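Now for the letters of each chain:
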Amino acid sequence: MNESRPIIALDFPSFDDVKSFLARFPEGEQLYVKIGMELYYAAGPEVVRYVKKLGHWVFLDLKLHDIPNTVKSAMAVLANLGVDMTNVHAAGGLEMMKAAREGLGSQPKLIAVTQLTSTSQEQMQDNQNIQTSLAESVIHYAGKAAQAALNGVVCSAHEVEAIKAATTDDFICLTPGIRPAGSDLGDQKRVMTPSAARAVGSDYIVVGRPITQAADPVAAYQAICQEWQS
Ligand code: C5P
């Protein structure tokens, strides 16, 4: 079945909030949701099992970064949870990314965070002592992720074209920072609309507050879906 639909960031503090949010959607409508650190640390693996049992796809956004052996073992646990996609930090290195892939197996998608979109070039150069441009660092990490047989990267929609040019067309670019025209930016700075993200070649968009904080989340989701898929 086609899983290409906007991924809803379930940035809620509790399991109960997730339950009432998902209950708003028509029965049988298959969603793709992102479970991040806040929800996972609050509600644990149970929330993943619950969402999977409802028939939805799950991107578990835990951004693992540790020694290869630890990441491999952790990934094996996540594979048992039945997640559809998860991620690591590319900064953990080639061996760590290979170990992550081994632990997770070949079925779930595995993607890497390159440079966080909250990191500026100045911060990267000062804090990480990487003396290239931010764009070069992102491209470099994307290449390492491809070399480790990962499926793609999390990136800004503004970086998609350069990443695709440096890797392959089927290398996934998953992009947060998506805002329908005219909607509140919140703390996101370099945003793109769903249709513009589609036009630059983004494979998945992640959308949180424009859906979760909307007066009518289902209507907001459907409008974004329509713009993304048309
Ligand atoms: O509410 P909003 O649409 O801004 O949510 C975007 C989601 O994507 C949040 O869960 C945020 O943590 C995540 N994210 C991001 N930028 C990244 C990586 C993840 O906004 N570089």
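Residues numbered from 1 in each chain as written. Predicted model: local features only at pLDDT ≥ 70, side-chain atom pairs only at ≥ 80, totals over all residues. Heavy atoms only, no water.

## Concerning the UniProt feature "active site" (unreviewed entry) in the chain
Part 1 of the reasoning: Residues annotated in UniProt with the feature "active site" (unreviewed entry) correspond here to Lys63.
Part 2 of the reasoning: Here Lys63 is to be found in strand β3 (residues 57-64).
Part 3 of the reasoning: For Lys63, the residues in contact, after removing those within four places along its chain, are Met37, Asn87, Val88, His89, Val113 and Leu116.
Part 4 of the reasoning: Looking at Lys63, its side chain comes within polar contact range of the side chain of Asp61, at 3.0 Å. (UniProt positions renumbered as here; feature names shortened; annotations may be inferred. Helix = DSSP H or I, 4+ residues; strand = E, 2+ residues; numbered from the N terminus. Contact = heavy atoms within 4.5 Å. Polar contact = N/O pair within 3.5 Å; in protein donor to acceptor, adjacent residues only side chain to side chain.)

## A closer look at the UniProt feature "domain: Orotidine 5'-phosphate decarboxylase" (unreviewed entry) in the chain
Part 1 of the reasoning: In the numbering used here, UniProt assigns the feature "domain: Orotidine 5'-phosphate decarboxylase" (unreviewed entry) to residues 5-224.
Part 2 of the reasoning: Taken end to end, residues 5-224 is 44% helix and 17% strand, and its two terminal C-alpha atoms sit 9 Å from one another.

## Concerning the packing of aromatic side chains
Part 1 of the reasoning: Counting across every chain of the model gives 6 aromatic pairs.
Part 2 of the reasoning: Seen in terms of ring centroids, Phe21 and Phe25 are 5.4 Å apart; in terms of plane orientation they differ by 65 degrees. Their pairing is edge-to-face.
Part 3 of the reasoning: Among the residues examined, Phe25 registers a relative accessible area of 7% and is labelled buried.
Part 4 of the reasoning: By way of ring pairs, the aromatic residues Phe12, Phe21, Phe25 and Tyr221 are connected into one cluster.
Part 5 of the reasoning: The ring of Phe15 carries the charged tip of Lys19 above its face, separated from the ring centre by 4.4 Å.
Part 6 of the reasoning: In this structure, Arg198 is placed above the aromatic ring of Trp228, and the distance from its NZ or CZ to the ring centre is 4.1 Å. (Phe/Tyr/Trp six-rings, centres within 6.5 Å; stacked < 30°, edge-to-face > 60°. Buried < 20%, exposed > 50% of the residue type's maximum accessible area, 1.4 Å probe, protein only. Lys NZ or Arg CZ within 6 Å of the ring centre and 35° of its normal.)

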